[in-house]
Amino acid sequence: MRWLDTALDFECGGSYKRVLAFGIESGVEPPHSKFFTLHSQPSLELEIRSLLGTGSLELGTYRMNWLQTSVLLFVAFLVVFLQSTINGLRFVTGAQIDLLPSLMVYAGLNGGLAVITSVAIFGGLLHDSLSANALGVSILPLFAVGVFIHYHRGMILKEAAFARFILGVSASAAVPVATLILLSNTERQPLIGWFFLWQLFVMSLLGGLLTPLWFRFFDWATGLLSYRVEASTSFRPDRQIKRGRQ
Amino acid sequence: MFKRPYYIALGIVVLVTLVVLKLPARTTSQLKLAISGLFLPFFGLATSTQKLAEKAGDSIAPRGALVAQIEQLQNENRELKLRLAQYETAALENGRFRQYYGWEKQATYKCKLARVIGRDPANWWRTLRIDKGIRDGVTTNCAVLTPDGLVGRVSEAGYGQAQVVLLGDPNCRVAVLVDESRDHGIIAPASSSPLDPALVDLSYLPRQSQLRAGQRIVTSGEGGVFPPGILVGYLVDFRSIGYGLYQEARVKLAVRMNGLEEVFVKVQ
């Protein structure tokens with residue numbers, strides 16, 4: 001167990017009768033000392049939410065706020081812009097990296113359905129606007145990847161870098177393939193052949209390698225945008241032994 | 001299987017996708033340009049940063065090198081002036097002959113210099129974005145070229161930017177002819193080596209064409225999009241296809257597409 005300062009054992013009902021939440025306790029709320037705020041690492045809090053289900057978001061849970069969602073959307077915007085302007089990799093390997101699928105992995109694991117839908121629509125439209133793709137063709141593949149990951153997030157070891165890498169590789173391979181399938185149903189015929197397998201390999205590998213970096217970056221950004229955790233001391237007035245007559 | 005919110009989100013996404021995909025082509029094009037307009041400040045910023053870096057590089061260039069470069073350019077300029085005077089004499093002579101025989105005058109075209117600001121983020125298209133649009137006289141289907149040869153055509157023109165589809169993209173087919181033998185053909189994406197952006201296919205050449213490696217391939221002017229006589233590339237090799245009915249050749253493009261920074265757009 002990491003980041004352990006306060007362990008809290010409580011009943012939650014459903015399939016999980018009892019869970020152990022852990023984090024930093026801060027601010028006991030009088031008069032009910034039973035209720036207090038539990039701050040923990042965002043990724044660990046997600047574990048708690050996945051155990052508790054959507055009905056118990058109040059205790060020790062983490063939800064992406066509007067600021068974090070805005071940051072995610074802005075990063076999606078920047079990513080599309082950089083994909084269009086930075087072409088070194090394209091000239092060397094013949095393949096341009098697509099960073100939106102790996103961003104969707106982060107959104108799928110850490111955000112709600114609203115966040116996934118926003119990133120898929122916003123990112124997809126931006127990507128298609130700078131490309132010769134039919135406008136809107138990238139939305140559905142991005143959304144499908146995000147929802148799939150979101151639906152199975154309880155079963156994914158999202159703390160493990162290897163799991164993030166595998167998710168990144170899979171997402172970066174699935175999105176272009178699905179986009180091409182959709183494109184083949186439009187009147188535009190893309191330039192594909194055996195070389196596309198090489199492009200897919202490059203895109204998947206680099207997408208996978210960059211996925212854990214997204215998590216690090218957004219954890220850092222979340223730290224910047226949220227309240228700083230109050231440093232707690234081991235001194236607790238309610239545990240003090242009082243001597244003499246009261 | 002899924003909970004209700006999943007179905008709601010899926011419904012929204014499918015609806016948005018279908019609506020956008022089913023819009024009329026003109027509306028889609030306008031919508032695309034409007035959305036890509038969001039990037040304009042960033043493209044501007046990137047261009048200014050690049051210019052600034054170039055300026056900084058120029059300021060640290062040694063004086064001796066600059067003087068040598070000026071001298072070289074002055075010599076080149078004198079030579080070009082001399083050649084221009086010769087061409088002007090030839091053009092006047094040509095004009096007199098045309099008048100004498102009653103031939104139509106060859107249309108001249110104006111060109112506008114544009115900077116390449118971005119490329120297609122998808123791997124399966126060959127397009128780029130330039131910083132000139134309708135306000136500069138650039139419209140859809142304007143030819144895009146460099147002093148080395150043909151680059152492609154404008155596929156979508158916005159107010160201050162345009163998308164150019166490059167030679168070798170499935171959406172850019174050009175009517176060309178072999179300069180030497182005047183045999184006509186069509187430039188299409190390379191089927192055998194699509195990884196190499198410098199190679200394209202020249203198809204529908206007559207079976208009796210006398211082809212050899214190194215021959216110049218120029219635009220024929222048929223179709224009206226590209227003016228005639230613009231260099232496209234040089235013939236690399238050829239083969240007989242369609243049971244000997246016609247020939248197909250590979251052409252190495254005259255323009256290095258990966259190194260494009262500035263292009264000329266033929267404006268009306």
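Conventions we followed
Residues numbered from 1 in each chain as written. Chains lettered and ligands numbered in written order. Predicted model: local features only at pLDDT ≥ 70, side-chain atom pairs only at ≥ 80, totals over all residues. Heavy atoms only, no water. Helix = DSSP H or I, 4+ residues; strand = E, 2+ residues; numbered from the N terminus. Rg over C-alpha atoms; globule rule 2.2 N^0.38 Å. Buried < 20%, exposed > 50% of the residue type's maximum accessible area, 1.4 Å probe, protein only. Contact = heavy atoms within 4.5 Å. Areas by Shrake-Rupley, 256 points an atom, 1.4 Å probe, with all protein chains shown as cover. Lys, Arg positive; Asp, Glu negative; His and termini not counted. Charge placed at Lys NZ, Arg CZ, Asp CG, Glu CD. Pairing = 2+ DSSP bridges. Axes fitted to C-alpha atoms, helices over the stretch in contact; angles between N-to-C directions. Buried area = accessible area lost by both parts, 1.4 Å probe. Salt bridge = Lys/Arg side-chain N within 4 Å of Asp/Glu carboxyl O. Nonpolar A, V, L, I, M, F, W, Y, C, P; charged D, E, K, R; others polar. Phe/Tyr/Trp six-rings, centres within 6.5 Å; stacked < 30°, edge-to-face > 60°. Patch = residues over 30% accessible without salt bridge, like charges linked within 9 Å, V, L, I, M, F, W, Y side chains within 5 Å.

*Asks:* Whenever I open this one, the overall build of chain B confuses me. Can you help?
*Replies:* The helix and strand inventory of chain B stands at 4 helices and 12 strands. A globule of 268 residues ought to have a C-alpha radius of gyration of about 18 Å, yet chain B, at 23 Å, is considerably larger. Each principal axis of the C-alpha distribution contributes one length, and for chain B these read about 80 × 65 × 40 Å. For chain B, the residues scored as buried account for 40% of the 268 residues in total. For chain B, contacts bridging at least 24 residues in sequence account for 56% of all contacts bridging at least 6. Put simply, chain B shows about 15900 Å² of open surface, and 57% of that area lies on carbon and sulfur atoms. Here chain B contributes 33 positively and 24 negatively charged side chains, and the mean placements of these two sets differ by 7 Å.

*Asks:* I'm lost on the overall build of chain A in this one. Help?
*Replies:* Of regular secondary structure, chain A possesses 8 helices and 3 strands. When the helices and strands of chain A are listed from N to C terminus, the series reads β-β-β-α-α-α-α-α-α-α-α. Within chain A, buried positions represent 50% of all 246 residues. As displayed, chain A has an accessible area near 12900 Å², and 63% of this comes from carbon and sulfur atoms.

*Asks:* For this particular structure, what's the right way to read the sheet that holds strand β6 (residues 174-178) of chain B?
*Replies:* Paired through backbone hydrogen bonds, the strands of a sheet run either parallel or antiparallel to each other. Residue and element names in this part refer to chain B. The 6 strands lie next to each other as β6-β7-β8-β11-β10-β9, forming a closed barrel whose pairing is antiparallel. Averaged over all pairs of adjacent strands, the angle between their axes in this sheet comes to 45°, without regard to strand direction. Bridge count for strand β7 (residues 184-189) against strand β8 (residues 199-206) is 4 bridges, and the pairing is antiparallel. Within β8, the position partnered with P189 by the bridge is V200.

*Asks:* So what exactly am I meant to see when it comes to the side chain of T47 of chain B here?
*Replies:* Structurally, T47 of chain B is set in helix α3 (residues 40-59). Take T47 of chain B: its relative accessible area is 12%, and that puts it in the buried class.

*Asks:* So what exactly am I meant to see when it comes to the interface of chain A and chain B here?
*Replies:* When the parts come together, some accessible area is lost, and that loss is often what is quoted as the size of the interface. Taken residue by residue, the interface counts 51 residues in chain A and 43 residues in chain B. The largest per-residue losses of area from chain A upon contact with chain B belong to L130, L135 and L191 of chain A, which jointly make up 18% of the total buried on that side. In this structure, the connection of chain A to chain B is made through 0 salt bridges. Mapped by element, the contributors of at least two residues to the side of chain A that touches chain B are α2 (66-85), α3 (88-93), α5 (113-130), α6 (139-151), α7 (161-183) and α8 (195-225) of chain A. No other element matches α5 of chain A, which puts 9 residues into the side of chain A that touches chain B. Taken together, the residues of the side of chain A that touches chain B sort by class into 31 nonpolar, 16 polar and 4 charged.

*Asks:* Explain the sheet that holds strand β4 (residues 149-157) of chain B here, please?
*Replies:* Residues and elements named next belong to chain B. Taken in spatial order, the 6 strands close into a barrel running β1-β2-β5-β4-β3-β12, and their pairing is antiparallel. Averaged over all adjacent pairs, the angle separating strand axes in this sheet is 45°, with direction ignored. When strand β3 (residues 143-146) meets β4, the two strands line up antiparallel, connected through 4 bridges. Bridged to L145 within β4 is L150. Contacting β1 (110-119) and β2 (127-130), α3 crosses the sheet at an angle of about 100° to β1.

*Asks:* Before we go on, may I ask you to explain the packing of aromatic side chains in this structure?
*Replies:* What describes a pair of aromatic rings is the distance from one ring centre to the other and the angle between the planes of the rings. Enumeration according to the criterion identifies 20 aromatic pairs over all chains in this entry. On the numbers, 5.1 Å between centres and 75° between planes, the contact of Y106 of chain A with F215 of chain A is edge-to-face. With Y106 of chain A in helix α4 (residues 100-110) and F215 of chain A in helix α8, this pair connects stretches of sequence that are 109 residues apart. For the pair shown, Y106 of chain A and F215 of chain A are each scored as buried. One aromatic cluster is present, formed by F74, F77 and F81 of chain A together with F39, F42 and F43 of chain B through successive ring pairs.

*Asks:* Explain a nonpolar patch on the surface here, please?
*Replies:* All names here are of chain A. Taken together, the side chains of W198, F201, L205 and L209 define a hydrophobic patch exposed on the protein surface, amounting to about 390 Å² of accessible area. Along the chain, the position of L205 falls in helix α8. Note on L205: relative accessible area 36%, which makes it partly exposed.

*Asks:* I keep staring at the environment of L73 of chain A and nothing clicks. Help me out?
*Replies:* Residues and elements named next belong to chain A. Structurally, the position occupied by L73 is in helix α2. Considering only alpha carbons, one finds L73 and A174, 101 residues apart in sequence, at a separation of 21 Å. Beyond its immediate chain neighbours, meaning those up to four positions away, L73 contacts S118, V119 and F122.

*Asks:* Please clarify how the environment of K252 of chain B should be interpreted in this entry.
*Replies:* Residues and elements named next belong to chain B. Mapped onto the elements, K252 comes out in strand β11 (residues 246-253). Residue K252 is classed as partly exposed on the basis of its relative accessible area, which comes to 46%. The spacing of K252 and G233 is 19 residues in sequence and 5.3 Å in space, taken between C-alpha atoms. Filtering out sequence-adjacent residues up to four positions away, K252 remains in contact with A198, L199, V232, G233, Y234 and V236.

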